[in-house]
Amino acid sequence: MDKYIESVYNRVVEKDPHQKIFHQALIEVLESLEPAIKKYPQYKEYAILERITEPERVIKFRVPWVDKDGKIQVNRGFRIQFNSALGPYKGGLRFHPTVTEDILKFLGFEQIFKNSLTTLPMGGGKGGSDFDPKGKTDAEVESFCESLMFELYRHIGQFTDVPAGDIGVGGREIGYLYGAYRKISNYHGTGVLTGKGAGWGGSLIRPEATGYGCVYFVNEMLKTRNEDIKGKVVVVSGSGNVAQYAVEKCIDLGAKVIAMSDSTGWIHDPAGIDREKLAWILELKNERRGRIREYADQFKVDYTVTAKGTPWSLKCDIALPCATQNEVDAKEAKMLVDNGVMAVGEGANMPTVPEGIEIFLENNILFAPGKAANAGGVSVSGLEMAQNSQRYFWTREEVDAKLHQIMQAIHANAYKTSELFGKKGNYMVGANIAGFLKVADAMIAQGHRV
Ligand code: NDP
């Protein structure tokens with residue numbers, strides 16, 4: 001690695017030695033920026049790397065709430081306001097027991113470049129809590145969301161910071177958060193949160209956007225090799241928001257999805273998940289909040305617990321990891337390659353470990369990193385903000401067409417940039433550099449205090 005880049009990396013590690021996941025995200029980005037840093041000396045002169053790796057603000061707070069037995073519980077809340085050079089901080093809230101400052105710094109850092117790629121004016125941020133909504137009653141989730149908003153409201157706003165959903169934060173949670181925000185602030189600021197219900201300020205296609213966008217991106221990659229997703233066999237991990245709509249778009253475009261999962265296990269349906277089965281999954285996951293194992297009982301297919309292996313052992317043309325970070329290890333990447341995978345699209349954030357990415361790239365597999373492939377979600381969040389500002393709504397078709405256009409533009413930009421920097425078809429290099437250049441130039445233009 002270039003000495004200057006290495007010194008920036010080492011400085012971050014020395015300051016926060018325990019933030020391993022953030023370091024993983026950092027090194028992946030920094031390494032791929034090397035050709036850009038060499039080509040444009042101004043970034044070193046203006047200390048862009050030193051600045052961009054340090055969040056503008058880290059907010060950490062206590063969230064007390066009352067459980068169903070009347071007991072007071074305490075969780076931790078966070079908001080990482082990482083970079084606002086391009087616009088208000090924008091990024092989801094994650095509710096999961098594994099949430100720490102480390103995880104949110106990784107996600108916030110990725111979000112800077114992802115948001116830059118979308119072509120929309122949004123900075124990067126991320127937030128959440130170690131609260132686990134799984135197994136909680138609606139009243140408990142509401143109590144928690146209200147308490148979180150008691151603190152968060154003072155840090156957010158349509159021109160300041162606009163949170164959305166992520167793992168564990170879907171339509172139900174955004175509803176409670178938005179209700180609490182309105183009560184506290186006495187302000188119907190629809191643009192303060194995205195992922196709202198379509199009847200009260202939300203955008204059509206926002207729930208579908210990340211999954212749809214990921215499949216649009218994969219299809220663009222396939223076109224560069226004169227291929228198409230139609231007729232391809234697809235394995236999807238996860239069964240949450242991103243996974244559900246990635247599967248729907250695969251079905252729309254004529255592909256066959258043979259597997260989905262959750263954190264406890266995965267189902268293998270060789271006949272393919274059709275629209276009817278997918279509707280059943282949506283009801284299972286979004287209404288009954290059940291486990292994917294029930295699909296195996298319902299449709300008489302195989303179910304395997306995670307401890308005994310993952311769906312990456314299945315033979316497929318396309319793999320879409322849509323669950324969580326580091327869910328595809330090197331061994332699994334090798335298995336996918338040996339089984340003939342053609343393209344991998346990261347619906348989740350950083351689901352492939354660095355050694356796994358190496359394996360995909362060495363074997364000339366089309367590999368779409370999360371910051372490009374899953375940017376459709378935040379893109380439609382940006383479109384939701386635009387509609388809120390106009391006090392107007394676009395139709396499903398209009399939003400979907402804009403999403404499709406944005407994903408095509410992100411693909412073209414990442415592809416062209418990879419070529420410009422001598423790594424044609426390496427979407428990781430292309431996306432990281434393209435995302436970085438816009439933010440870095442904005443930071444230089446705005447002076448040394450940003
Ligand atoms: P959801 O909470 O809706 O779904 C998450 C899914 O992943 C669930 O099936 C969950 O299973 C599974 N999962 C979570 N943690 C683990 C784990 N440790 N091991 C295995 N499976 C796990 O979240 P989303 O679909 O919204 O998010 C999925 C990914 O996509 C995340 O990486 C997120 O950051 C990323 N993303 C999301 C966007 C969005 O718009 N929602 C936008 C861009 C990226 P279980 O129910 O058992 O926990």
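Just above sits the structure.
Residues numbered from 1 in each chain as written. Predicted model: local features only at pLDDT ≥ 70, side-chain atom pairs only at ≥ 80, totals over all residues. Heavy atoms only, no water.

A look at the overall build of the protein chain
- Helix and strand counts for the protein chain stand at 17 helices and twelve strands.
- In terms of C-alpha radius of gyration, the protein chain reaches 21 Å, essentially the compact-globule figure of 22 Å for 450 residues.
- Taking the principal axes of its C-alpha atoms as reference, the protein chain extends roughly 60 × 55 × 45 Å.
- Counting every position in the protein chain, which comprises 450 residues, the buried fraction comes to 57%.
- Of all intrachain contacts in the protein chain linking residues separated by at least 6 positions in sequence, the fraction that spans at least 24 positions is 71%.
- Accessible area for the protein chain stands at about 18,300 Å²; split by element, carbon and sulfur atoms hold 51% of it.
- Once the 55 positive and 56 negative side-chain charges of the protein chain are each reduced to a mean point, those two points are 2 Å apart. (Helix = DSSP H or I, 4+ residues; strand = E, 2+ residues; numbered from the N terminus. Rg over C-alpha atoms; globule rule 2.2 N^0.38 Å. Buried < 20%, exposed > 50% of the residue type's maximum accessible area, 1.4 Å probe, protein only. Contact = heavy atoms within 4.5 Å. Areas by Shrake-Rupley, 256 points an atom, 1.4 Å probe, with all protein chains shown as cover. Lys, Arg positive; Asp, Glu negative; His and termini not counted. Charge placed at Lys NZ, Arg CZ, Asp CG, Glu CD.)

Things to note about the side chain of threonine 194
- Structurally, the position occupied by threonine 194 is in the loop between helix 7 (171-185) and helix 8 (206-223).
- Threonine 194 sits in the buried class, given a relative accessible area of 0%.
- Within polar-contact distance, the side chain of threonine 194 engages the side chain of lysine 90 at 2.9 Å.
- Separated by 2.8 Å, the side chains of threonine 194 and serine 381 make a polar contact.
- In this view, threonine 194 contacts Lys90, Val162, Pro163, Ala164, Gly165, Ile174, Ser381, Glu384 and Met385; residues no more than four positions away in its chain are not counted. (Polar contact = N/O pair within 3.5 Å; in protein donor to acceptor, adjacent residues only side chain to side chain.)

Re the nonpolar core
- In this structure, Val236, Ile273 and Leu320 are the most contacted members of the largest nonpolar core, which totals 59 residues.
- The contact partners of leucine 320, leaving out residues within four places of it in the chain, are Cys214, Val215, Val218, Val234, Val235, Val236, Ser237, Ala246, Cys250, Trp312 and Gly345.
- Formed by 41 residues, the second largest nonpolar core is a distinct cluster that contains Tyr9, Val12, Val29 and Met443. (Core = buried A, V, L, I, M, F, W, Y, C linked by side-chain atoms within 4.5 Å.)

Considerations on the side chain of glutamate 28
- Relative to the assigned elements, glutamate 28 resides in helix 2 (residues 20-39).
- Overall, the relative accessible area of 15% leaves glutamate 28 in the buried class.
- Those residues in contact with glutamate 28, other than ones at most four positions away along the chain, are Met350, Ile357, Lys371, Met428 and Asn432.

Focus: the site of the ligand
- Around the ligand, the surrounding shell holds 25 residues, and the nearest of these are Asp166, Thr210, Ser263, Arg291 and Asn349.
- At 2.9 Å, a side-chain N or O of lysine 134 approaches an oxygen atom of the ligand.
- Valine 242 places a polar main-chain atom, nitrogen or oxygen, 2.9 Å from an oxygen atom of the ligand.
- Contact with the protein chains hides 83% of the accessible area of the ligand, taken as 890 Å² for the molecule alone.
- The set of elements that each furnish at least two residues to the shell around the ligand consists of helix 8 and helix 9 (241-252).
- Its residues assigned to classes, the shell around the ligand shows five nonpolar, 13 polar and seven charged.
- For the shell around the ligand, the domains that each give at least three residues are domain 1 (50-188) and domain 2 (209-368). (Near = heavy atom within 4 Å. Nonpolar A, V, L, I, M, F, W, Y, C, P; charged D, E, K, R; others polar. Domains from an automatic or database assignment.)

Quick notes on helix 12 (residues 330-338)
- Buried within helix 12 are the following residues: Glu332, Ala333, Leu336 and Val337. Seen end-on, helix 12 carries its buried residues on one side only, within an arc spanning 140 degrees. In helix 12, those exposed residues whose orientation departs by more than 90 degrees from the buried face are Lys331 and Asp338.
- Against strand 10 (318-321) and helix 13 (354-362) lie the buried residues of helix 12.
- Two or three places before lysine 331, at the start of helix 12, stands the capping residue aspartate 329, its side-chain oxygen 3.1 Å from that residue's backbone nitrogen.
- Note on helix 12: the residue one or two positions beyond its end, glycine 340, has a positive phi of about 90 degrees. (Arc of directions from axis to C-beta.)

A short note on the sheet that holds strand 9 (residues 302-305)
- Strand order across the open sheet formed by seven strands is 9-8-7-6-10-11-12, with mixed pairing between neighbours. Each edge of the open sheet is held by one strand with a lone partner, namely strand 9 and strand 12 (366-368). Neighbour to neighbour, the strand axes of the sheet diverge by 15 degrees on average, direction disregarded.
- Summarising the sheet, strand 8 (residues 265-268) and strand 9 pair through four bridges and their orientation is antiparallel. Following the sheet pairing, histidine 268 is matched in strand 9 by aspartate 302. (Pairing = 2+ DSSP bridges. Axes fitted to C-alpha atoms, helices over the stretch in contact; angles between N-to-C directions.)

Things to note about the environment of isoleucine 357
- Here isoleucine 357 lies in helix 13.
- On a C-alpha basis, the gap between isoleucine 357 and proline 369 in space is 9.0 Å, while along the polypeptide they are twelve residues apart.

Digging into the packing of aromatic side chains
- The tally for this structure, following the rule as stated, stands at 20 aromatic pairs.
- Centre to centre, the rings of phenylalanine 82 and phenylalanine 109 are 5.7 Å apart; their planes meet at 50 degrees, and the pair counts as tilted. Of this pair, phenylalanine 82 sits in strand 2 (residues 72-83) while phenylalanine 109 sits in helix 5 (residues 101-117), placing them 27 residues apart in sequence.
- In this structure phenylalanine 109 comes out as buried when scored by relative accessible area, which is 1%.
- Arranged with centres 4.6 Å apart and planes meeting at 50 degrees, the rings of tyrosine 295 and phenylalanine 299 form a pair that is tilted. You can see tyrosine 295 and its partner phenylalanine 299 sitting in helix 11 (residues 293-299), four residues apart, about one turn around the helix.
- Chaining the aromatic ring pairs together yields one cluster made of Phe22, Phe82, Phe109 and Phe113.
- Residue placement shows lysine 136 over the ring face of phenylalanine 131; its charged tip is 5.2 Å from the ring centre.
- Directly above the aromatic system of tyrosine 212 lies the positively charged group of lysine 249, at a separation of 4.3 Å from the ring centroid. (Phe/Tyr/Trp six-rings, centres within 6.5 Å; stacked < 30°, edge-to-face > 60°. Lys NZ or Arg CZ within 6 Å of the ring centre and 35° of its normal.)

Functional significance is not addressed by these values, which are geometric in nature.
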